[in-house]
Amino acid sequence: MIQFFHVSKKYPGGQAALDEVTFDIPRGQFVFLTGASGAGKTTLLRMIFREEVPTSGQILVNGRNVSAIPRSKIPYLRRTIGVVFQDFRLIARKTIFENVTYLPQVLGVDLQEQKKLAYQALRRVGLAHRLNAFPPELSGGEQQRVAIARALINDPDILIADEPTGNLDPDLSREILRLFLEVNLRGTTVILATHDRDTIQRVGRRVLTLDHGRLANDQELIGTDPPALDPLAAEAPQVPEELIPAPEPPPEETAG
Amino acid sequence: MSLLKALRYFFREAGVNLLRGWKVSLLAVLTIAVSLFIGGAFLLVSDNLESSVERWRGEMRVVIYLKPETPEADLRRLAAEAARAPGVRSVEPVTAAAARKRFQEVFPSLSNLVAGWQEEPLPASLEIGLDPRTAGNAPGREAWLASWRTRPEVSLIDDDREWLGQLATAVAVVRTVGVALVAGLLGAAIFTIASVIRLTAYLHAEEIGIMRLVGATELYIRAPFYVEGLLQGVIGGLLASGALWAGYQLLHARGGGSLFSSVLALDFLGAQQVAFLILLGGAAGLFGAVVSLRREAL
Ligand SMILES: Nc1ncnc2c1ncn2[C@@H]1O[C@H](COP(=O)(O)OP(=O)(O)O)[C@@H](O)[C@H]1O
Ligand SMILES: [Mg+2]
């Protein structure tokens, strides 16, 4: 799904932000990206959606060489990748509905369908009732959930999150993290940057560690506290595992 | 995506941007309006001057004044002779007495100025109407006039062509000055619009970043700004046309029979010219927007 081959990045005037980074993230994996501030996490993530290009090396996303995509085709790559940031990046003057449906609107989806998509996406993050609010009226945790709904609206293959809980207190962070795990359960590849070692220890999963631009460690961790964060355990312990990842049905059809 | 939907979105975004930044938008609209107003005024005056010149050209005359003592028989003989020349449409012999009567009719208050003289105060003349098609320069016209000048009976020849020629030159000068002035003003207006659009884009930098992030195409991101420039220009053009019309009505109401209403602004601009002003405004606005966003990164 996401392959880096000897990727290096040098910003003009600076030293190497990334240095010969190589890894392969298969489809459907959940990956933590960690490392101290300035280790190169943001730079690495920005390369996946071609916000930045490597100085050397190759990046394949979904089998496509990202550096070779012509400028005019970049939007099509980005439509398959949802991105969430630490600072939410919502448009303050637009409603939650408008923020979330920006991409469907660009794609010319009709309003009725947009509403359905927005409802589904916001329901997944538990905010379906705030459709007409404006971002500043929401708490930080809620804003981040809206940002996640926006990232999910087009059913992306990949969800990228750059320190999504950096601005949130621990309880909210857990909730947000649970959302990402849920999204991953439905088959979306998730790559989440954080320098919160604690969370990583508790949740487990694959962990890529950057140190001064080098990939210092690539390991599988077993979480110490999976039930607390595992959406299966937390929300529906009695349901057989194979029934869980079904997509949520639209509201009309849930009654029966 | 459907074009109609996209256009609706572009216009809605542009409208919202115009209203949100209405102060700077107004500035842009006014600079466009002022330049188009001045351009329109020049167009109005030069068009009317030109049509006046055309009209006068149709009535163009050469008047040959005779010496005071020329007998009436000579006047008739000369008239008959003049009528035979090519390009002459009509010849009207005006006797000295007829000239005096006409003067008294046209200027009743000045009639005693020419009354009570021993001799006739005004000279007899031949009023020669020229064929408008060749009026300006029928072949041999100069030689023909020169031959009249050397006649002993002739005192003076008044040739309309001279001042009509000068007037035509004046029209051309007005036109040129107008075009140059408008080009300069429009340049300034385009610069203003470009700055305003760039400012709007700058204020929306964060939003634009988010649009890019979720996968909006460049066209989709930029089109609202292009439409904003277009709207500013078109609104400027509409304002300019309205102001021209109001000014025209005002001057007409005030100055009936003055030089202005009879020569400089007999007719208002035609629908095509008004449409041209508005389109010019729109084009200038669009151009300003395109120029301001021409760099790859907004
Ligand atoms: N746009 C940029 N221009 C120059 N240097 C940059 C830029 N972005 C990041 N850097 C540098 O690259 C290194 C890695 O930064 P970053 O990828 O943001 O790390 P992290 O997200 O892990 O904190 C840092 O030394 C940072 O100063
Ligand atoms: Mg970072």
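Residues numbered from 1 in each chain as written. Chains lettered and ligands numbered in written order. Predicted model: local features only at pLDDT ≥ 70, side-chain atom pairs only at ≥ 80, totals over all residues. Heavy atoms only, no water.

Novice: Tell me about helix H6 (residues 140–152) of chain A, and name the residues and values.
Specialist: A rise of 1.5 Å per residue sets the reference length of H6(A), with its 13 residues, at 18 Å; its end C-alpha atoms lie 18 Å apart and thus fit the reference within 8%. Most of H6(A) sits out of view: 12 of its 13 residues are buried. Along H6(A), the positions that sit buried rather than exposed are Gly141(A), Glu142(A), Gln143(A), Gln144(A), Arg145(A), Val146(A), Ala147(A), Ile148(A), Ala149(A), Arg150(A), Ala151(A) and Leu152(A). Where H6(A) is buried, its residues touch strand S6 (81–85), helix H3 (96–100), helix H5 (111–124), strand S7 (158–162) and helix H7 (170–185) of chain A together with helix H8 (205–214) of chain B. (Helix = DSSP H or I, 4+ residues; strand = E, 2+ residues; numbered from the N terminus. Expected span 1.5 Å × (residues − 1). Buried < 20%, exposed > 50% of the residue type's maximum accessible area, 1.4 Å probe, protein only. Contact = heavy atoms within 4.5 Å.)

Novice: Give a description of the site of ligand 1 that names residues and reports values.
Specialist: Residue and element names in this part refer to chain A. Around ligand 1, the structure places Tyr11, Ala17, Ala36, Ser37, Gly38, Ala39, Gly40, Lys41, Thr42 and Thr43. Here Gly40 contributes a backbone N or O atom positioned 3.0 Å from an oxygen atom of ligand 1. A distance of 2.8 Å separates an oxygen atom of ligand 1 from a polar backbone atom of Lys41. Protein contacts shield 56% of the accessible area of ligand 1, which totals 560 Å² for the unbound molecule. Residue contributions to the shell around ligand 1 peak at 3 residues, all from helix H1 (residues 41–48). Considering only residue class, the shell around ligand 1 consists of 4 nonpolar, 5 polar and 1 charged. (Near = heavy atom within 4 Å. Polar contact = N/O pair within 3.5 Å; in protein donor to acceptor, adjacent residues only side chain to side chain. Areas by Shrake-Rupley, 256 points an atom, 1.4 Å probe, with all protein chains shown as cover. Nonpolar A, V, L, I, M, F, W, Y, C, P; charged D, E, K, R; others polar.)

Novice: Before we move on, could you go through the pattern of salt bridges and cite the residues and values that matter?
Specialist: This model, assessed by the stated rule, comprises 21 salt bridges over all chains. Where Arg100(B) meets Glu120(B), a salt bridge forms, and the shortest distance between an N and an O atom there is 2.7 Å. Of this pair, Arg100(B) sits in helix H4 (residues 96–106) while Glu120(B) is found in the loop between helix H5 (111–114) and strand S3 (125–130), placing the two residues 20 residues apart along the sequence. In this structure Arg100(B) comes out as partly exposed when scored by relative accessible area, which is 23%. Using a relative accessible area of 33% as the deciding quantity, one classes Glu120(B) as partly exposed. Via salt bridges that share partners, Arg93(A), Lys94(A), Glu13(B) and Glu207(B) belong to a single interconnected network. (Salt bridge = Lys/Arg side-chain N within 4 Å of Asp/Glu carboxyl O.)

Novice: Let's hear about the interface of chain B and chain A: which residues, and what values?
Specialist: Chain B puts 20 residues into the contact, and the matching count from chain A is 22 residues. Approximately 1900 Å² of surface area, both sides summed, lies buried where chain B meets chain A, with 56% of it carried by carbon and sulfur atoms. Sorting the residues of chain B by area buried against chain A places Ile210(B), Leu213(B) and Val214(B) first, and these three jointly supply 33% of that buried surface. At the junction of chain B and chain A, the tally comes to 3 salt bridges. A salt bridge links Glu13(B) to Arg93(A), with the shortest nitrogen-to-oxygen separation between them at 3.3 Å. Summed over the shared surface of chain B and chain A, the result is 7 residue pairs in polar contact (both at pLDDT 80 or more). For the side of chain B that touches chain A, the secondary-structure elements that each account for two or more residues are helix H1 (3–20) and H8 of chain B. Broken down by element, the residue count for the side of chain B that touches chain A peaks at 7 residues, all from H1(B). Residue classes in the side of chain B that touches chain A are distributed as 9 nonpolar, 4 polar and 7 charged. (Buried area = accessible area lost by both parts, 1.4 Å probe.)

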